[in-house]
Amino acid sequence: MKQQLEKWEAACDVADFDDEEMLECRAGERQVLLVRLGDRIVACPAMCPHLEERLAFGFADGNVLTCSKHLWQWDLNTGDPLGPAEKRLPVAAVRIEGGKILVDTAPLTCSDD
């Protein structure tokens, strides 16, 4: 059985994300986008894998994230592409600890090129 490594890194203070649906911030060496999905938060790369558009310019509707540039979409539960999107979007777990939002950046280091 393959063990998945975790790499938890602080992204921002919980207060920074209180009234936000999406927030771009830095987690370790990576720019990430935090997205609120109901009562939980997920993280993904800040840039669209298609044409390097900032995903913070797009919008989230339920569990679907849409890039503003060419309307590529992903399921934020799985990272699977929807509609015309041709690449997966890595999605990472988020947890809150000591007033900080932490992101497991390990899944964000892989991509399906």
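The structure reproduced in this document is the subject of the present report. Predicted model, so just to flag it, every value in this text is computed and none were measured. (Residues numbered from 1 in each chain as written. Predicted model: local features only at pLDDT ≥ 70, side-chain atom pairs only at ≥ 80, totals over all residues. Heavy atoms only, no water.)

Let's shift gears to the sheet that holds strand β4 (residues 40-45). With antiparallel pairing, six strands are arranged side by side in an open sheet as β1-β10-β9-β4-β3-β2. Two strands close off the open sheet at either side, each with one partner strand: β1 (8-13) and β2 (22-27). Along the sheet, successive strands turn relative to each other by an average axial angle of 35°, direction set aside. Examined bridge by bridge, β4 and strand β9 (residues 92-97) share two bridges and lie antiparallel to one another. What sits directly across from Ala43, in β9, is Ala92. (Pairing = 2+ DSSP bridges. Helix = DSSP H or I, 4+ residues; strand = E, 2+ residues; numbered from the N terminus. Axes fitted to C-alpha atoms, helices over the stretch in contact; angles between N-to-C directions.)

Attention shifts here to the pattern of salt bridges. Overall, the coordinates contain five salt bridges when judged by the stated rule. For Glu9, the salt bridge is made with Lys7, and the minimal N-O distance between the two is 3.7 Å. We note a salt bridge from Asp13 to Lys100, for which the minimum N-O separation is 2.6 Å. One end of the pair, Asp13, is in strand β1; the other, Lys100, is in strand β10 (residues 100-104), with 87 residues separating them in the sequence. We classify Asp13 as partly exposed; its relative accessible area is 32%. (Salt bridge = Lys/Arg side-chain N within 4 Å of Asp/Glu carboxyl O. Buried < 20%, exposed > 50% of the residue type's maximum accessible area, 1.4 Å probe, protein only.)

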